[in-house]
Amino acid sequence: MNQTTFAFVDGVLHAEGVSTVSLARQFGTPLYVYSRAALTQAYEAYANACAGRRASVHVAVKANSNLAVLNVFARLGAGFDIVSSGELARVLTAGGKAENVVFSGVGKSAEEMREALAAGVKCFNVESIPELDRLNAVAASMGKTAPVSLRVNPDVDPKTHPYISTGLKANKFGVAFDDARATYRAAAAMPNLHVVGIDCHIGSQITEIAPYLDAVDRLLELVEQIEADGTKIHHVDVGGGLGIQYDTETPPDIGEFVKTLLDHIDARGHGHRAVFFEPGRSVTGNAGILLTRVEFLKPGEEKNFAIVDAAMNDLARPAMYQAFHAIEPAVKRDVSAHVYDVVGPVCESGDWLGRDRQLAIEAGDLLAIRSAGAYGFVMSSNYNTRPRAAEVMVDGSHAQIVRERENVKELFAGETVLPK
Ligand code: LLP
């Protein structure tokens with residue numbers, strides 16, 4: 001957890017120079033709060049470790065696609081990793097450059113390919129032969145050549161939650177390692193494709209470097225074969241996935257992670273190739289919190305519940321992955337602590353945000369749910385016709401609403417009833 005940007009001052013949690021109590025009063029709850037300094041610090045840890053090397057950072061937009069967040073990265077010179085034309089539109093609107101965008105994803109539509117080609121993205125990360133065929137046809141119809149990389153499945157175990165591990169044989173992602181060389185030959189033979197790189201993404205919330213080194217070794221082994229077949233590989237994209245501290249995890253330091261990988265690639269004799277990183281969680285996760293207010297305390301025979309105004313529709317990770325997010329009162333209080341399940345108002349037993357948490361709280365108190373900057377708001381929904389939360393960015397002592405809270409009318413504005 002980032003202790004410098006979200007820290008207690010006189011018993012009150014602050015986001016940089018702004019009290020979370022005043023943020024909640026001004027903007028209401030549930031409220032996502034991001035820190036510009038924390039976003040900058042995490043991004044710069046990557047960028048500084050890449051400086052002077054042939055390496056670049058492509059922030060994974062899916063982790064947090066708020067325009068203000070993307071704009072902070074764009075101003076720092078970031079590239080982006082997108083998975084839809086919607087994300088491309090966000091990047092361009094936020095001041096990112098198409099020429100620094102890589103387009104990932106297993107099911108790109110022809111229309112999405114057209115838009116990305118017209119915009120001039122840096123590379124399409126392709127995952128299958130039918131996708132190569134489609135991209136080749138789209139490029140031909142536009143009289144263009146599409147830059148491609150193949151996402152290879154290196155079949156390494158990232159030792160993370162099964163829902164977010166992606167580089168094993170059993171996953172839907174990537175071209176199987178054993179088919180990759182032949183798939184590269186097929187790509188090289190397509191007239192409107194230009195092979196430029198190779199990529200992988202082995203999973204998310206990875207807290208060790210070893211699986212990356214294994215994946216890179218497998219990729220480089222392939223690169224040598226592909227080049228022996230006469231196709232030049234300019235870049236190696238190692239994907240995202242570096243973990244953060246939610247609880248007691250001890251992920252490697254970002255700079256150390258980058259340096260270790262780059263040194264390893266150099267040592268294997270591949271230092272002349274460009275290396276891409278696609279971090280999402282590690283640049284946004286601990287740069288955001290979710291503020292929520294306690295509606296009721298409900299003591300029970302087996303469990304005590306703290307019913308709060310945020311729910312699984314606001315932060316889906318606990319319900320979806322049994323994920324742990326630290327939860328703490330935004331104001332340190334002198335009341336007796338009890339063990340609570342922190343739950344939302346949604347009509348599902350799966351609607352919980354934290355289990356068995358020791359909290360000194362009363363109804364009406366403000367709670368901060370930590371590490372909510374990645375896969376938080378972006379995964380939120382309108383389930384139970386709940387308007388999605390507002391988002392605020394803090395920059396020093398300045399707080400700005402960067403997404404208005406939705407209202408109920410907007411939620412069904414596009415709906416109609418049948419005629420009489
Ligand atoms: N590149 C590709 C191709 C990806 O699929 C992903 C994430 C990333 C980069 C960024 O990975 P990161 O650095 O954020 O780990 N919703 C889940 C995480 C899903 C990750 C999907 N892919 C969660 O809340 O834990």
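Nothing here was measured: the structure is a model prediction, and the numbers come from that model. Residue numbers run consecutively from 1 along every chain, following the written order of its sequence. Predicted model: local features are reported for residues with pLDDT of at least 70 only, side-chain atom pairs are reported and counted for 80 or more only, and whole-chain, interface and lining totals are derived from all residues. Water and hydrogen atoms were dropped before computing side-chain values, which therefore reflect all heavy atoms in the structure.

**Some thoughts on the overall build of the protein chain**
Now for step 1: Counting from the N terminus, the helices are the DSSP runs of H or I reaching at least four residues and the strands are the DSSP runs of E reaching at least two. Helices and strands together make up the secondary structure of the protein chain, namely twelve helices and 21 strands.
Now for step 2: Our radius of gyration is a C-alpha quantity, and the globule rule it is checked against amounts to 2.2 Å times the number of residues to the power 0.38. By the compact-globule yardstick of 22 Å for 420 residues, the protein chain fits well, its C-alpha radius of gyration being 23 Å.
Now for step 3: Taken along its principal axes, the extent of the C-alpha atoms in the protein chain is 70 × 65 × 40 Å.
Now for step 4: Partly exposed residues are those whose accessible area sits between 20% and 50% of the maximum for their type, while under 20% is buried and over 50% is exposed, using a 1.4 Å probe and protein chains only. For the protein chain, buried positions account for 54% of its 420 residues.
Now for step 5: Surface exposure of the protein chain reaches about 17,600 Å², of which carbon and sulfur atoms provide 51%.
Now for step 6: This count recognises Lys and Arg as positive and Asp and Glu as negative, with His and chain-terminal groups excluded. Every charge is mapped to an atom, namely NZ of Lys, CZ of Arg, CG of Asp or CD of Glu. One finds the centroid of the 40 positive side-chain charges in the protein chain at a distance of 4 Å from the centroid of its 51 negative side-chain charges. For every accessible area listed, the method is Shrake-Rupley and the probe measures 1.4 Å; residues are considered covered only by the protein chains on display.

**Notes on the domain arrangement of the protein chain**
Now for step 1: An automatic or database domain assignment provides the domain bounds reported here. Partitioning the protein chain into domains gives domain 1 (6-35 + 285-411) and domain 2 (105-277).
Now for step 2: In this structure, domain 1 and domain 2 have C-alpha centres spaced 36 Å apart.
Now for step 3: Counting from both sides, the interface comprises ten residues of domain 1 and, opposite them, seven residues of domain 2.
Now for step 4: Accessible surface is computed with a 1.4 Å probe, and the buried area is the amount of it that two parts give up when combined, taken over both parts together. Buried surface at the junction of domain 1 and domain 2, summed over both partners, amounts to about 750 Å²; 55% is from carbon and sulfur atoms.
Now for step 5: The definition of a polar contact used here is a pair of N or O atoms within 3.5 Å, where within protein one atom must be able to donate a hydrogen and the other to accept one, and adjacent residues in sequence count solely through side-chain atom pairs. The interface formed by domain 1 and domain 2 holds one residue pair in polar contact (both at pLDDT 80 or more) in total.
Now for step 6: In the side of domain 1 that touches domain 2, the residues fall into four nonpolar, five polar and one charged. In this description, contact between two residues means that some pair of their heavy atoms is separated by no more than 4.5 Å. The nonpolar class holds Ala, Val, Leu, Ile, Met, Phe, Trp, Tyr, Cys and Pro. Asp, Glu, Lys and Arg form the charged class, and all remaining residues, Gly among them, are polar.

**Quick word on the side chain of Glu391**
Now for step 1: With respect to the helices and strands, the residue Glu391 is situated in strand 20 (residues 390-395).
Now for step 2: With near-sequence residues (within four places) excluded, Glu391 lies in contact with Leu31, Tyr32, Tyr34, Asn64, Asn66, Phe377, Gln400, Ile401, Val402 and Arg403.

**Re the side chain of Arg386**
Now for step 1: With respect to the helices and strands, Arg386 occurs in the loop between strand 19 (366-369) and strand 20.
Now for step 2: Exposure remark for Arg386: the relative accessible area of 16% places this residue in the buried category.
Now for step 3: Here the side chain of Arg386 touches Asn313 through a polar contact of 2.6 Å, side chain to side chain.
Now for step 4: Beyond its immediate chain neighbours, meaning those up to four positions away, Arg386 contacts Asp309, Ala310, Ala311, Asn313, Asp314, Pro345, Val346, Ser381 and Leu411.

**Considerations on the site of the ligand**
Now for step 1: Taken together, 18 residues sit near the ligand, with Ser204, Glu278, Arg317, Tyr321 and Tyr375 positioned nearest.
Now for step 2: Contacts to the ligand include Gly280, whose backbone N or O atom sits 2.9 Å from an oxygen atom.
Now for step 3: Considering the ligand on its own, with 590 Å² of exposed area, one finds that the protein chains cover 91% of that surface.
Now for step 4: A breakdown of the residues in the shell around the ligand according to their chemical character gives six nonpolar, six polar and six charged.
Now for step 5: Counting the residues that make up the shell around the ligand, at least three belong to each of domain 1 (6-35 + 285-411) and domain 2 (105-277). The near set for a molecule or strand comprises every residue that places at least one heavy atom within 4 Å of it.

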